Amino acid sequence: MISLLLAVSLAADTSKMRTDMARLDPAEVYVMTCRTAADEADSDWDRVIDVWWTCDAEARRRELTEALPQIRGEIALAEVERDFGHLRAEAPLDFARIVLAVSAQRREVQLPFSAVLAAWHRVVSDNEARLNLDDVRTVTVRMLPNDSGTAEQREKLAGLLRREVGDLGFKISPEDQAEAADAAIMVFLEPTFREVQEGDASRGHLSGWEVEIKTQPIRYKVRDVKGAPLRVRERADYREAEDAVSVAMEASAAAFAEALLLQVVREVYKDYALPEPGRAAD
């Protein structure tokens with residue numbers, strides 16, 4: 001019955017969204033449609049899980065392989081809610097750590113970033129828990145010199161990166177200050193500004209710009225380890241090239257901050273011992 005109802009829902013919702021989402025990736029549209037169907041199951045977590053597994057099977061049938069990590073992340077999060085949801089009220093810090101540990105340890109899945117971010121903020125808002133994260137909480141972002149973009153664009157991007165990373169709960173030091181060298185995490189990155197479509201208002205062509213951020217291996221100084229290099233790329237299309245570049249910068253800075261947090265979570269919680277379902281963490 002769930003499969004039949006979901007199939008009908010998918011067909012109806014896809015039809016309604018086809019016009020508005022014509023430019024989105026088909027995998028993204030499919031996940032959004034599945035999320036609508038799962039939301040209808042409310043907090044009946046077994047039913048939510050069934051809905052997402054049905055979506056998983058359909059995604060494989062359609063060969064929407066890019067959707068599978070997100071779908072399985074939704075399944076993993078629903079399983080956390082089912083097995084440990086009582087900890088939200090009883091032991092919210094334990095619940096947050098479980099979410100972060102699942103994100104860290106199940107590399108094949110992609111939990112909704114909003115859930116990971118909420119859990120991270122819950123941990124760093126606790127005074128004692130925050131002290132235990134001193135070896136990853138301070139970050140210095142240094143931009144390597146290159147000739148891509150203008151000096152003003154590179155300066156603006158650097159500011160956006162500091163803001164986005166800082167908003168996640170990290171402490172940021174401007175790279176020209178003495179304490180920047182003592183940060184727990186050092187990030188050396190190189191941006192690339194690339195025009196991907198020349199604008200032509202007379203022909204209805206928008207200006208398209210892409211901003212890519214590539215880093216060297218992330219250095220965890222206090223832990224004396226290195227994380228994998230990060231690479232994000234975002235595009236924006238606007239009538240004016242200046243607007244396209246600006247929006248692409250904002251999107252790439254946000255995407256970079258998200259990628260950095262997910263890596264930090266993996267580093268911190270990769271060995272965290274998950275409790276048995278129904279029990280609080282130690």
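Residues numbered from 1 in each chain as written. Predicted model: local features only at pLDDT ≥ 70, side-chain atom pairs only at ≥ 80, totals over all residues. Heavy atoms only, no water.

Asks: Could you give an account of helix α7 (residues 113-124), naming the residues involved and the relevant values?
Replies: Its 12 residues give α7 an end-to-end C-alpha distance of 16 Å, which sits within 8% of 16 Å, the value for a rise of 1.5 Å per residue. What α7 keeps buried is the set F113, A115, V116, L117, A119, W120, V123 and V124. Tucked into the core, α7 has its buried residues touching α4 (68-84), α6 (92-105), α8 (127-131) and α10 (241-269). (Helix = DSSP H or I, 4+ residues; strand = E, 2+ residues; numbered from the N terminus. Expected span 1.5 Å × (residues − 1). Buried < 20%, exposed > 50% of the residue type's maximum accessible area, 1.4 Å probe, protein only. Contact = heavy atoms within 4.5 Å.)

Asks: Talk me through the packing of α6 against α10; I want residue IDs and the actual numbers.
Replies: Packing of α6 against α10 leaves a shortest axis separation of 8 Å and a crossing angle of 100°. It follows from the interaxial angle that α6 and α10 lie roughly perpendicular. Across from R97, L100, A101, S103, A104 and Q105 in α6, the residues of α10 making contact are L262, V265, R266 and Y269. Here the contact of α6 with α10 is composed, by residue class, of 6 nonpolar, 2 polar and 2 charged. (Axes fitted to C-alpha atoms, helices over the stretch in contact; angles between N-to-C directions. Parallel < 35°, antiparallel > 145°, perpendicular 65-115°, else oblique. Nonpolar A, V, L, I, M, F, W, Y, C, P; charged D, E, K, R; others polar.)

Asks: Tell me about the state of the cysteines, and please be specific about residues and values.
Replies: Tallying each qualifying case throughout the model produces 1 disulfide. Two residues, C34 and C55, share a disulfide whose sulfurs are 2.3 Å apart. Between C34 and C55 the disulfide shows an S-S torsion of about -115°. By sign, it is left-handed. Within this pair, whereas C34 is found in helix α2 (residues 26-39), its partner C55 is found in helix α3 (residues 45-61), the two being separated by 21 residues in sequence. C34 sits in the buried class, given a relative accessible area of 0%. Residue C55 is classed as buried on the basis of its relative accessible area of 0%. (Disulfide = S-S within 2.5 Å.)

Asks: Got a sec to walk through the packing of aromatic side chains? Specific residues and values, please.
Replies: The full count for this structure, using the stated rule, is 2 aromatic pairs. Summarising the aromatic geometry, the rings of Y269 and Y272 are spaced 5.9 Å apart at their centres and angled 65° between planes, so their arrangement reads as edge-to-face. (Phe/Tyr/Trp six-rings, centres within 6.5 Å; stacked < 30°, edge-to-face > 60°.)

Asks: Lay out unusual backbone geometry with the relevant residues and their values.
Replies: With a phi angle near 55°, D42 is a residue other than glycine that sits in the positive phi range. Within the secondary structure, D42 sits in the loop between α2 and α3. The phi torsion at D224 lies on the positive side, around 55°, for a residue other than glycine. For D224, the location among the structural elements is in the loop between β5 (218-220) and β6 (225-227).

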